[in-house]
Amino acid sequence: QVRLVESGGGLVQPGESLRLSCESPDLNLDTYSVAWFRQAPEKEREGVSCLTPGNGKTYYLDSVKGRFTVSRDDAKNTVYLQMNALQPDDTAVYYCAADRAPVCVAGPAAENAMDYWGKGTLVTVSV
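Here the structure is a predicted model, which means the values were calculated and not measured.

What counts as what
Residues numbered from 1 in each chain as written. Predicted model: local features only at pLDDT ≥ 70, side-chain atom pairs only at ≥ 80, totals over all residues. Heavy atoms only, no water. Helix = DSSP H or I, 4+ residues; strand = E, 2+ residues; numbered from the N terminus. Rg over C-alpha atoms; globule rule 2.2 N^0.38 Å. Contact = heavy atoms within 4.5 Å. Areas by Shrake-Rupley, 256 points an atom, 1.4 Å probe, with all protein chains shown as cover. Lys, Arg positive; Asp, Glu negative; His and termini not counted. Charge placed at Lys NZ, Arg CZ, Asp CG, Glu CD. Polar contact = N/O pair within 3.5 Å; in protein donor to acceptor, adjacent residues only side chain to side chain. Phe/Tyr/Trp six-rings, centres within 6.5 Å; stacked < 30°, edge-to-face > 60°. Lys NZ or Arg CZ within 6 Å of the ring centre and 35° of its normal. Buried < 20%, exposed > 50% of the residue type's maximum accessible area, 1.4 Å probe, protein only. Pairing = 2+ DSSP bridges. Salt bridge = Lys/Arg side-chain N within 4 Å of Asp/Glu carboxyl O.

Visitor: Just checking my understanding: could you explain the overall build of the protein chain for this structure?
Guide: The secondary structure content of the protein chain amounts to 1 helix and 11 strands. Along the chain direction, N to C, the helices and strands of the protein chain fall in the order β-β-β-β-β-β-β-β-β-α-β-β. In terms of C-alpha radius of gyration, the protein chain reaches 13 Å, essentially the compact-globule figure of 14 Å for 127 residues. Oriented by its inertia axes, the alpha-carbon framework of the protein chain measures out at about 40 × 30 × 30 Å. A separation threshold of at least 6 residues defines the contact pool for the protein chain, and within that pool the share at least 24 residues apart is 57%. Surface summary for the protein chain: the accessible area is close to 6700 Å², and the carbon and sulfur share equals 47%. Looking at charge distribution, the protein chain has the averaged site of its 12 positive side-chain charges lying 3 Å from that of its 16 negative ones.

Visitor: Teacher, can you tell me more about the side chain of Ser49 here?
Guide: Mapped onto the elements of the fold, Ser49 is located in strand β5 (residues 46–51). Here Tyr59 takes part through its backbone oxygen, which lies 2.9 Å from a polar atom of the side chain of Ser49. With near-sequence residues (within four places) excluded, Ser49 lies in contact with Val34, Ala35, Trp36, Tyr59, Tyr60, Val70 and Leu81.

Visitor: Explanation requested: the packing of aromatic side chains in the structure shown.
Guide: The description of an aromatic ring pair uses the distance of the two centres, along with the angle that the planes make with each other. Within the structure shown, the criterion is met by 3 aromatic pairs. Taking the centre distance of 6.2 Å and the plane angle of 65° together, the rings of Tyr32 and Tyr116 count as edge-to-face. Of this pair, Tyr32 sits in the loop between β3 (18–23) and β4 (33–39) while Tyr116 sits in strand β10 (residues 116–117), and the two are 84 residues apart along the sequence. Here a set of aromatic residues connected by ring pairs shows up, and it is made of Phe37, Tyr95 and Trp117. Directly above the aromatic system of Tyr95 lies the positively charged group of Arg45, at a separation of 5.5 Å from the ring centroid. Sitting above the plane of the Trp117 ring, Arg45 keeps its charged end 4.1 Å from the centroid.

Visitor: Teacher, can you tell me more about the pairing of β4 here?
Guide: The side chains of a regular strand alternate, first on one face of the sheet and then on the other. Most of β4 is tucked away: 6 of the 7 residues are buried. Here β4 pairs with strand β9 (residues 92–99) via 7 bridges, running antiparallel. Residue pairing in the sheet places Val34 in a bridge with Ala98 of β9. Linking β4 to β5, which pair antiparallel, is a turn of 6 residues; within it Glu42 sits at a positive phi near 60°.

Visitor: So what exactly am I meant to see when it comes to the pattern of salt bridges here?
Guide: If the charged atoms of two oppositely charged side chains come close together, the side chains can form a pair. The full count for this structure, using the stated rule, is 8 salt bridges. The shortest N-O distance in the salt bridge between Arg45 and Glu111 comes to 3.0 Å. Taken together, the residues Arg45 in the loop between β4 and β5 and Glu111 in helix α1 (residues 110–113) connect sequence positions 66 residues apart. Between Asp62 and Lys65 there is a salt bridge, with the nearest N and O atoms lying 3.1 Å from each other. Taking relative accessible area as the criterion, Asp62 reaches 62% and is therefore assigned exposed.

Visitor: Which parts of the structure should I look at to understand the environment of Arg100?
Guide: Tracing the sequence through the fold places Arg100 in the loop between β9 and α1. C-alpha separation for the pair Arg100 and Lys76, spaced 24 residues apart in sequence, amounts to 19 Å. Look past the residues within four positions of Arg100 in its chain and what remains in contact with it is Thr31, Tyr32, Asp115 and Tyr116.

What follows is the structure, given as structure tokens:
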């Protein structure tokens, strides 16, 4: 089976930062589009960010633009989500997912485009 492993979640106060990591012992992530999704309590899962292979195009949910940055370190086979100025509305379980197609799909269809998923890491932003 293919594994994706997220790490870096935790409890922070509003305005603080976290960096999430996504690693895989089974995939070379530099050949996949890698996306971050999140699911807040009692809400639907939504796409947060996406990073394409090759040219490394990035996409962001409007509410996180300017605060979140997705990047990758090919030498470490790791994709990151740097999250700054966290707000209570950012509280969610964050998932990384990989798509073997070199395209980031927009909208609700993005979830269905993903071939592999991690189990998620919890981010809680609270006073």
